[in-house]
Protein chains: 2
Amino acid sequence: MKNIIKYPAQNTWKAFLQRPALEKKDLRNTVQEIFLKVRNEGDSALKEFSDKFDQVNIENLLVSKEELEFAINEVSEELKTAINQATENIYKFHVAQKGSTEEIETTEGVVCWRESRAIEKVGLYIPGGTAPLFSTVLMLAVPAEIAGCKEVILCTPPQKDGSINPAILYTAQLCGITKIFKVGGAQAIAALTFGTESIPEVDKIFGPGNQYVTQAKQLAMEFNVAIDLPAGPSEVLVIADQSANPIFCAADLLSQAEHGSDSQVIFISTDEIIFNETLKEIEKQLAELPRNEIAKSALDNSRFILLKSVDEALEMSNFYAPEHLILSVENPRSYISKITNAGSIFLGNYTPESAGDYASGTNHTLPTNGFAKNYSGVSLDSFVKKITIQEITKIGLKNIGKTIEVMAEAEGLNAHKNAVSLRLKSLENGI
Amino acid sequence: MKNIIKYPAQNTWKAFLQRPALEKKDLRNTVQEIFLKVRNEGDSALKEFSDKFDQVNIENLLVSKEELEFAINEVSEELKTAINQATENIYKFHVAQKGSTEEIETTEGVVCWRESRAIEKVGLYIPGGTAPLFSTVLMLAVPAEIAGCKEVILCTPPQKDGSINPAILYTAQLCGITKIFKVGGAQAIAALTFGTESIPEVDKIFGPGNQYVTQAKQLAMEFNVAIDLPAGPSEVLVIADQSANPIFCAADLLSQAEHGSDSQVIFISTDEIIFNETLKEIEKQLAELPRNEIAKSALDNSRFILLKSVDEALEMSNFYAPEHLILSVENPRSYISKITNAGSIFLGNYTPESAGDYASGTNHTLPTNGFAKNYSGVSLDSFVKKITIQEITKIGLKNIGKTIEVMAEAEGLNAHKNAVSLRLKSLENGI
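From a predicted model like this one, the values you see are computed outputs, not experimental measurements. (Residues numbered from 1 in each chain as written. Chains lettered and ligands numbered in written order. Predicted model: local features only at pLDDT ≥ 70, side-chain atom pairs only at ≥ 80, totals over all residues. Heavy atoms only, no water.)

A. Fine view of the relation of the copies chain B and chain A. You can overlay chain B on chain A at an RMSD of 0.0 Å; the transform is a turn of 180° with a shift of 0.0 Å along its axis. The relationship between the two copies is best expressed as a two-fold rotation axis. If distances are taken from each C-alpha of chain B to the rotation axis, the shortest is found for Gly99(B), at 4.1 Å. Looking at chain B, 100% of its interface residues are interface residues in chain A too, so the copies touch through the same face. (Least-squares fit on C-alpha atoms with pLDDT ≥ 70 in both. Contact = heavy atoms within 4.5 Å.)

Dropping the structure here:
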């Protein structure tokens, strides 16, 4: 294992914390062509692309009632129980984000407040591939349901036999989603952007995906559709002091590494014994993982760093801005106020990252790739808009009218001024 | 005045509420070249572009201490008083958006919460042109200050004599901004994206601008910088019943129309007398406006619509999703719950839109162009990220451990499962 760095000077951090450059092929033209074809030809284009890219022949894009019912029987009781508990926790955490509407009287007679409204139509994209990400269905569909989105559409690519993984179908139904379409890739994002005969157009698109999906979501924005977050490979940063458990640290680092060969893993310790033990444990646990080829190649991009103090480690973490930050240190709560950039934080030895991935209640759709500096993860806020409202009484307008007139005039906007002056004049005459 | 529509059937709405297609020239290549040059050559590229595009020769990009002091003396006491009152109201409304941190115990021993952190470095862009938009400085700088952003940079193009309008400099200082740079256009956005010798790079860029600036903000996102909102021409929709005042309605419609020839103005009335009076009043007031050429051409794109009821008007408004919605109707509060898409709402006869533009306290940076369907306006939230935090005790992990194991295994992610299994095993042995 290379990439071991001991007590580096601050001015060297930038270089070795550089994220590996993403292989950002220019897919813009390819995806633009897909968009054009879907816009013009609708469903038939979707079927053609499924045939071409996924080698699947889809008769009906919409998952049928029978398929939905079948899925419910296919999922084991054990998995249902697990999904139900996770749903409950995710619900509790997100419903508490509703917040109240507080009216603020900014000046006597001038009252302002904000109210939330659901984004009416949202599209959830769930990728296919090796892992059926039904947990991502939960993370997106539960807050959509709490927000009260009127239309929640789910698109996911079919398996080779034309079916969708039952756990995905079960989870979607549990969250009230019944419009599930068998379509993946950039063409699915195009369908959600423009609508087709079968698939309704939406206001906002959520969910992970490959490079084509990522490029398609960017393009969707140019057609006025909003998206959840910019994409990037998943990452974890673990800070461990002498109180950490090397077995747990190794397990957490590996659970990140198994996501994909482009996953990022950073381990920082202030204790040389814990540091060395963790390195050994990784080798040991790695050997037994089914996905160890993936994990191994992610570990090639990883960094193992010894630092003098937890405070220094937090400075480094803030600089890196990790998606997931695990604090395996004594009294972890005392450090929270020092954390400025992170997607989600896991405190202490018994809070593994996988708890947040599935069941603690927090959302696992988080800012990666340094976006923790300027984006929040998905929350109830992602499914609503906040509308500002103001009500001004006659007294109120008298109190702030002059200010508006003076400012509007100084900006050269006389009609703006006029809208106040005419009202003030009527009040002078009237009252 | 054309574009008068009486009692249209619902299936015709889409056609006549179509926003005029934006003249969206493909400026991508031009702006990409500007970005490349600024990235490679820094300040000297900025000076070259100012010379080329704005015909101004800038020696020092940074506004000097002397210029800042001079500006304070230049601004009239009357304007200072006005700006101070507006600042106070904007501060009150935005500081109330702070919200509290509530810990949620989703399962016994599993505690989750969210904490806000300021986005560290933000850049505010204030356009030049005919109107010195010092009110926009307030709308962006006040919440940035409340959020606690460490670095707030302001870029604005210099006037022909190389100076910046004193009201902009006064307002910026009032909000604690001292790093003000004389640079405009796409090159300013490029500087905020990459940083130059003088101008620090930032995490998020705010503010309005022309087509070049808009395209530059889109491009900035591809370099991992966040932006406030997608851009579009400003718009207002006024709903007036028999209780409305035609003089006020006309003034509000015109104050929107004077923004620019691409401004959108929609007037809906349920009362034919009010409707006709308002049309007459517009002609009358228009004649006296200094910017009446601009207003006139904006009115060419406007719509004047008679409908049967306020409920129907609200349906139409929700369909259109206006940036500003004025409810000049009896008991306006009773209709709020029916409004699903709007940027900001103005209630009753004494709440002109210009109050929200300057001094009621709400933010005037709002979603236009139909974006009120899927975006909120700028608020304190725009200047922070929300980090989720979780802390799980040994008991907590026992309570949700099985759920995580089962779900991780079903997704084929064994290292995720392992991170829990190893902990549960240690607890069995330990306790």
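So that's the structure; there's more coming.
B. Up close: the sheet that holds strand β4 (residues 121–125) of chain B. Residue and element names in this part refer to chain B. Pairing is parallel in the open sheet, where five strands are placed in the order β6-β5-β4-β7-β8. Both outer strands of the open sheet, β6 (179–182) and β8 (226–227), are each paired with one neighbouring strand and no more. Here β4 runs beside strand β7 (residues 204–206); their pairing, made up of three bridges, is parallel. Looking at the pairing, valine 122 lines up with lysine 204 of β7. Across the face of the sheet, helix α9 (residues 211–222) comes into contact with β4, β7 and β8 while running at roughly 165° to β7. (Pairing = 2+ DSSP bridges. Helix = DSSP H or I, 4+ residues; strand = E, 2+ residues; numbered from the N terminus. Axes fitted to C-alpha atoms, helices over the stretch in contact; angles between N-to-C directions.)

C. The arrangement of the interface of chain B and chain A in detail. Taken together, the 123 residues of chain B in the interface contact 123 residues of chain A. Inspection of the region where chain B meets chain A yields 11 salt bridges. Note that Asp381(A) is salt-bridged to Lys386(B), the shortest N-O span being 4.0 Å. Examining the composition of the side of chain B that touches chain A, we find that 11 residues originate from one element, helix α15 (residues 394–410) of chain B, more than from any other. Of the residues contributing to the side of chain B that touches chain A, the split by class is 59 nonpolar, 37 polar and 27 charged. Of the strand pairs in this sheet, strand β14 (residues 384–392) of chain A and strand β13 (residues 344–347) of chain B are connected by four bridges, and their pairing is parallel. Considered in β13(B), the bridge of Glu391(A) is made with Leu347(B). (Salt bridge = Lys/Arg side-chain N within 4 Å of Asp/Glu carboxyl O. Nonpolar A, V, L, I, M, F, W, Y, C, P; charged D, E, K, R; others polar.)

D. Focus on the packing of helix α8 (residues 185–194) of chain B against α9(B). Residue and element names in this part refer to chain B. Where α8 meets α9, the axes come as close as 8 Å, and the angle between the chain directions of the two elements is 20°. What the angle tells us is that α8 and α9 run roughly parallel. Crossing of α8 over α9 shows right-handed handedness. Every residue of α9 that contacts α8 at Gly185, Ala186, Ile189 and Thr193 is listed here: Tyr212, Val213, Ala216, Lys217 and Ala220. Among the residues forming the contact of α8 with α9, the class breakdown is six nonpolar, two polar and one charged. (Parallel < 35°, antiparallel > 145°, perpendicular 65-115°, else oblique. Left-handed = near helix turned anticlockwise from the far one by under 90°.)

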